[in-house]
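An overview of the molecular structure
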Amino acid sequence: AGSGKTYVVADVSLENTSDKTQPYSSYDFRMQTTGGQVLDSTIAFSIEDTLDSADLVTGGKTSGKVVFEVPVEEGHQYIIWKPGFDSARAIVQVK
């Protein structure tokens, strides 16, 4: 990571419980920093098993790592998952 930054690696699992095929991507995930920035995921070639981009059929499951390069800060950070422009989002606090 760059100066004053660190990597946060999130293990994510997805399951398609809808009745139609759904696209997914690591770019569906963003990180809200303690300072209020909302950052896109980062490509990290040194991390194995990163989440790919593909389609998930009904009942399909997948998992992988999503990587963020964030400022070193004290306090809470949040992962935001929003799979598409017109869908709801989920927010999870990073521990």
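Refer to the structure above for everything that follows.
The structure displayed is predicted, hence computed values, not measured ones. Along each chain, numbering runs from 1 in the same order as the chain's sequence is written. Where local features are concerned, this predicted model is filtered to residues with pLDDT of at least 70; where side-chain atom pairs are given and counted, the filter is 80 or more; whole-chain, interface and lining totals use all residues. Here the side-chain values reflect all heavy atoms present in the structure, with hydrogen atoms and water set aside.

Mapping aspartate 28 onto the fold places it in the loop between strand E2 (22–24) and strand E3 (29–32). Of the side chains with opposite charge, lysine 82 comes closest to the buried, unpaired aspartate 28, at an N-O distance of 9.3 Å. A contact between two residues is defined here by any heavy atoms of the two lying within 4.5 Å. In contact with aspartate 28, other than residues within four places in its own chain, are Pro23, Ile80, Trp81, Lys82, Pro83 and Gly84. Secondary structure follows DSSP: runs of H or I at least 4 residues long count as helices, runs of E at least 2 residues long count as strands, and numbering of each begins at the N terminus. Each residue's exposure class comes from its accessible area (1.4 Å probe, protein chains only) as a fraction of the maximum for that residue type: buried when under 20%, exposed when over 50%, partly exposed otherwise. When charges are counted, neither His nor the chain ends are considered; positive counts come from Lys and Arg and negative counts from Asp and Glu. When a carboxyl oxygen of Asp or Glu is within 4 Å of a side-chain nitrogen of Lys or Arg, the pair counts as a salt bridge.

This part is about the sheet that holds strand E4 (residues 38–40). The strands making up a sheet are joined through hydrogen bonds of the backbone, oriented either antiparallel or parallel. Think of it this way: DSSP has to see at least two bridges between two strands before they count as a pair. Pairing is antiparallel across the open sheet formed by 4 strands, whose spatial order is E4-E3-E7-E8. Looking along the sheet, the strands with just one partner apiece sit at the ends: E4 and strand E8 (90–94). The sheet shows a mean angle of 30 degrees between the axes of neighbouring strands, taken without regard to direction. Inspection of the sheet shows E3 paired to E4 by 3 bridges, in the antiparallel sense. Its bridge partner lying in E4, arginine 30 is registered against aspartate 40. Every angle, taken between N-to-C directions, lies between 0 and 180 degrees, and every axis is a line fitted to C-alpha atoms, over only the stretch in contact when it is a helix.

Any functional reading would require information beyond the geometric quantities listed.
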